[in-house]
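Chain by chain, the residues run as shown.
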Amino acid sequence: MERHLFEADHDAFRETARAFCDKEIVPHHESWEEAGIVPRELWTAAGDAGLLGFMIPQEYGGGGARDFRFNTVVIEEITKARASGPGFSIHADLVSGYLLDYATEEQKQRWLPKFCSGETITAIAMTEPGAGSDLQGIQTTAIRDGDHYVLNGQKTFISNGILADLVIVVAKTDPAAGYQGISLLVVERGMDGFERGRNLDKIGLKAQDTSELFFDDVRVPAANLLGEEGKGFIYLMEKLPQERLTIAVVAAAACEGMLETTLRYVKERTAFGRPIGSFQNSRFVLAELATETQIARVFVDRCIEELNAGKLTVSDAAMAKWWTTELQKKVADRCLQLFGGYGFMTEYPIAKAYLDTRIQTIYGGTTEIMKEIIGRTMGI
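Residues numbered from 1 in each chain as written. Predicted model: local features only at pLDDT ≥ 70, side-chain atom pairs only at ≥ 80, totals over all residues. Heavy atoms only, no water.

Participant: Sorry, what's going on with the UniProt feature "domain: Acyl-CoA oxidase/dehydrogenase middle" (unreviewed entry) in the protein here?
Facilitator: When the UniProt feature table is mapped to this numbering, "domain: Acyl-CoA oxidase/dehydrogenase middle" (unreviewed entry) covers residues 123–218. Each end of residues 123–218 is marked by a C-alpha atom, and these two atoms are 17 Å apart; helix forms 0% of the span and strand 51%. (UniProt positions renumbered as here; feature names shortened; annotations may be inferred. Helix = DSSP H or I, 4+ residues; strand = E, 2+ residues; numbered from the N terminus.)

Participant: Looking at this structure, I do not really get a nonpolar patch on the surface. What am I missing?
Facilitator: Residues Ile203, Tyr354 and Leu355 make up a contiguous nonpolar surface patch of roughly 280 Å² in combined accessible area. Relative to the elements of secondary structure, Tyr354 occurs in helix H10 (residues 349–357). (Patch = residues over 30% accessible without salt bridge, like charges linked within 9 Å, V, L, I, M, F, W, Y side chains within 5 Å. Areas by Shrake-Rupley, 256 points an atom, 1.4 Å probe, with all protein chains shown as cover. Salt bridge = Lys/Arg side-chain N within 4 Å of Asp/Glu carboxyl O.)

Participant: Sorry, what's going on with the nonpolar core here?
Facilitator: General note: in soluble globular proteins, nonpolar side chains tend to be found buried as a group. Phe88, Tyr98, Ile168, Leu226 and Leu245 are the most contacted members of the largest nonpolar core, which has 69 residues in total. Here this core takes 9 residues from helix H5 (residues 88–102), the largest share from any one element. Counting residues in each nonpolar core, the second largest holds 20 residues, with Ala254, Val285, Leu327 and Ile350 among its members. (Core = buried A, V, L, I, M, F, W, Y, C linked by side-chain atoms within 4.5 Å. Buried < 20%, exposed > 50% of the residue type's maximum accessible area, 1.4 Å probe, protein only.)

Participant: So what exactly am I meant to see when it comes to the packing of aromatic side chains here?
Facilitator: Aromatic rings considered in pairs are described by the distance between their centres and by the relative angle of their planes. Within the structure shown, the criterion is met by 12 aromatic pairs. With 5.4 Å between their ring centres and 15° between their planes, Phe194 and Phe215 make a pair best called stacked. Within this pair, whereas Phe194 is found in strand S6 (residues 194–199), its partner Phe215 is found in strand S7 (residues 210–221), the two being separated by 21 residues in sequence. Of the residues examined, Phe194 reaches a relative accessible area of 8% and is grouped as buried. Here Phe215 falls in the buried class, since its relative accessible area comes to 4%. Measuring from centroid to centroid gives 4.1 Å for Tyr265 and Phe339, while their planes differ by 15°, and the two rings are stacked. Note that Tyr265 is positioned in helix H7 (residues 232–268) and Phe339 in helix H9 (residues 314–339), a separation of 74 residues in sequence. Judged on exposure class, the residue Tyr265 and its partner Phe339 are both buried. Among the aromatic residues, ring-to-ring pairing joins Tyr265, Phe339, Tyr342 and Tyr348 into one connected group. The side chain of Arg14 reaches across the aromatic face of Phe6, ending 5.0 Å from its centre. Cation over ring: Lys371 sits above Trp322, and NZ or CZ is 4.5 Å from the ring centre. (Phe/Tyr/Trp six-rings, centres within 6.5 Å; stacked < 30°, edge-to-face > 60°. Lys NZ or Arg CZ within 6 Å of the ring centre and 35° of its normal.)

Participant: Sorry if this is basic, but what is going on with the domain arrangement of the protein here?
Facilitator: One frequently used descriptor of interface size is the decrease in accessible area upon assembly of the parts. By domain assignment, the protein separates into domain 1 (8–120), domain 2 (123–230) and domain 3 (233–377). On a C-alpha basis, the centres of domain 1 and domain 2 stand 22 Å from each other. Each side of the interface is counted separately: domain 1 has 25 residues, and domain 2 has 25 residues. When domain 1 packs against domain 2, the two sides together hide about 2000 Å² of surface, and 63% of this comes from carbon and sulfur. Applying the counting rule to domain 1 against domain 2 returns 2 salt bridges. In this structure, Arg110 engages Glu188 in a salt bridge whose closest nitrogen and oxygen atoms are separated by 3.4 Å. Joining domain 1 to domain 2, the criterion identifies 11 residue pairs in polar contact (both at pLDDT 80 or more). Every element with two or more residues in the side of domain 1 that touches domain 2 is listed here: helix H2 (29–35), helix H3 (40–48), H5 and helix H6 (105–117). Looking at side-chain class alone, the side of domain 1 that touches domain 2 contains 13 nonpolar, 8 polar and 4 charged residues. (Domains from an automatic or database assignment. Contact = heavy atoms within 4.5 Å. Buried area = accessible area lost by both parts, 1.4 Å probe. Polar contact = N/O pair within 3.5 Å; in protein donor to acceptor, adjacent residues only side chain to side chain. Nonpolar A, V, L, I, M, F, W, Y, C, P; charged D, E, K, R; others polar.)

Participant: Please explain the packing of H7 against helix H8 (residues 280–308) as it appears in this structure.
Facilitator: In a pair of packed helices, the angle between the axes and the distance between the axes together describe the arrangement. Where H7 meets H8, the axes come as close as 10 Å, and the angle between the chain directions of the two elements is 150°. In terms of axis orientation, H7 runs roughly antiparallel to H8. In this structure, H7 meets H8 at a crossing whose hand is left-handed. Across from Gln242, Leu245, Ala248, Val249, Ala252, Ala253, Cys255, Glu256, Leu259, Thr262, Leu263 and Val266 in H7, the residues of H8 making contact are Leu286, Leu289, Ala290, Thr293, Arg297, Val300, Cys303, Ile304 and Leu307. Looking at side-chain class alone, the contact of H7 with H8 contains 16 nonpolar, 3 polar and 2 charged residues. (Axes fitted to C-alpha atoms, helices over the stretch in contact; angles between N-to-C directions. Parallel < 35°, antiparallel > 145°, perpendicular 65-115°, else oblique. Left-handed = near helix turned anticlockwise from the far one by under 90°.)

Pasting the structure below:
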């Protein structure tokens, strides 16, 4: 089914993103998976290519195109290149919105130029060892002391955690005020008391650095408060729909990529003297997956239009997130089965896709939390 989401500018940008992936990422990704991290030089190369700050106004060094269709182009090309290492999405699809909508003019001038160039790598730190989907349960505190906040606590599973130069930290500035006491503070590399733990060993997304962060009496200047004190939880709720849609965009593109890979394989691989794709079971499995992937694509594209129009609801984003990621798990499992024993070998792309897929139904809010959100909006 032909997509009608994109215009000529998006198609041209896709060529840029695809060429970047082919030249700068694909030839090196295997070595980055072994290292558990991508080089900082990749980020500055992406900045030079215009892939990091296209949504940032031109006066700060960006492209001035705040249109999620451009984000979608980059997400899709990186996903279809099976390049799970670069944490560009955290930077461009998540953190950018917080800085654009809640930062002061002084903060924008201070942070955004290097955000666009890739010299400054960003992350957002929400999850703690005892608080995942329940953001109100965080224990990290930031207590005002003159012109600073004294930050104490721990975060975990933070994407870009090792490389990040600038981290938006979710903390309680008024621990007695519940969700109304949550604020966002920007912690910068080199601040005393800010330490990083080990690069966590994950079953998938091997080249993406993911770490623990520790804050021991870190004195964060009050000038690094993002938005208003006590409004952090509201800001998170405002931005989570875009984060969840971002994950859904990855899921839809991953489903398409796995289907393309598997379709090629079943046409070439033979059993009992004929291509395995010619057996009725193979045809039925692939027909079912292709149908559901097309349904996912249409719904996700519609959600992108709604986001651009400022009308994407929390419920619709939750629907897109849980359904597409559960479908991604299904596609990965069924496609791997069609590869037989070769699907169990990590040298085959479907095996890597299977491992990378598993986190999709967990981060950004678990499937169970998504269903809970949808149910509540239905009045039940």
